[in-house]
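Residue-level listing of the chains:
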Amino acid sequence: MGIARSLLHFFIPPERTLLYTTFDQREYFVIKNRLSAAGIRHRSKINGGMRVISSRNHYGGNLSSRHELFVSKDDEQRAIKAIKK
C-alpha cells in the first residue's frame, strides 16, 4: 500500500500551503536546507526559468526568479519553527 500511496501523492499531492517566497537563490537554499535538516517534507516551485530569464535579459528586464516553498498543513507549525532558527 505504501508504493500506491506514494504514487498517488506524486501525481495528486496533498493540500499544501505556501510557507516561504523569496527572489534570492541563496536564501532559498538556506531555508530549503533547514526544512530538510528538520525532516519536513516540502515542495518547491521556481517561476522564471532560463527561457524567461533570457527573454527578460533581451528586453532589458529583471533577471530574478521567484522561489516558493510549500509544506503540508500538518507540518506548517514545525516548518515555521525550523526556518526561524
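Position numbers for residues start from 1 in each chain and track the written sequence from start to end. This being a predicted model, a pLDDT of at least 70 is required before a residue's local features are given, and a value of 80 or more before pairs of side-chain atoms are given or counted; all residues contribute to the totals for chains, interfaces and linings. Side-chain measures were taken over the full set of non-hydrogen atoms in the model, leaving aside hydrogen atoms and water.

Here's the deal with the pattern of salt bridges
Inference 1: Throughout this description, the term salt bridge denotes a Lys or Arg side-chain nitrogen within 4 Å of a carboxyl oxygen of Asp or Glu. In total, this model carries one salt bridge according to the counting rule given.
Inference 2: For R66, the salt bridge goes to E68, with nearest N and O atoms at 3.1 Å.
Inference 3: Note on classification: 1.4 Å probe, protein chains only; a residue is buried when its accessible area is under 20% of the maximum for its type, exposed when over 50%, partly exposed between these limits. Residue class for E68 comes out buried when judged on its relative accessible area of 9%.

A short note on the nonpolar core
Inference 1: Buried residues of nine kinds, namely Ala, Val, Leu, Ile, Met, Phe, Trp, Tyr and Cys, make up a nonpolar core once their side-chain atoms join them within 4.5 Å. Among the nonpolar cores identified, the biggest contains 10 residues, and these are L19, Y28, I31, L35, I40, L69, V71, A79, A82 and I83.
Inference 2: Elements supplying a minimum of two residues to this core: α2 (25-37), β3 (66-72) and α4 (76-83).
Inference 3: Filtering out sequence-adjacent residues up to four positions away, A82 remains in contact with R34, A38 and I40. Comment: elements are numbered from the N terminus, with helices defined as DSSP H or I runs of at least four residues and strands as E runs of at least two. Should any heavy atoms of two residues lie within 4.5 Å, those residues are counted as being in contact.

A look at the environment of E76
Inference 1: Take E76: it is sitting in helix α4.
Inference 2: Once the C-alpha coordinates of E76 and R16 are considered, the two residues, 60 residues apart in sequence, prove to be 9.2 Å apart.
Inference 3: Excluding its chain neighbours within four sequence positions, the residues that come into contact with E76 are T17, L19 and V71.

Examining a nonpolar patch on the surface
Inference 1: On the surface, I3, L7 and F11 cluster together into a nonpolar patch covering about 380 Å² of accessible area.
Inference 2: Structurally, L7 can be placed in helix α1 (residues 2-11).
Inference 3: Judged by its relative accessible area of 47%, L7 is partly exposed. Within this analysis, patches are made of residues with over 30% relative accessible area and no salt bridge. Like charges are joined at 9 Å or less; nonpolar side chains (Val, Leu, Ile, Met, Phe, Trp, Tyr) at 5 Å or less. Each accessible area is a Shrake-Rupley estimate made with a 1.4 Å probe; only the visible protein chains count as cover when residues are assessed.

Description of the pairing of β3
Inference 1: With five of seven residues buried, β3 lies mostly within the body of the structure.
Inference 2: When DSSP finds two or more bridges between two strands, those strands count as paired. Judged from the six bridges that link them, strand β1 (residues 16-22) and β3 form a sheet pairing that is antiparallel. Pairing of T21 across the sheet is with E68, part of β3.

Notes on α2
Inference 1: To estimate how far a helix should extend, the number of its residues minus one is multiplied by 1.5 Å. An ideal rise of 1.5 Å per residue puts 18 Å on 13 residues; α2 measures up with 18 Å between its terminal C-alpha atoms.
Inference 2: In this fold, the buried residues of α2 make contact with β1, β2 (42-47), β3 and α4.
Inference 3: Positive backbone phi, at 75°, marks G39, one or two positions downstream of α2.

Take it as geometry only, folks, not as evidence of what the structure does.
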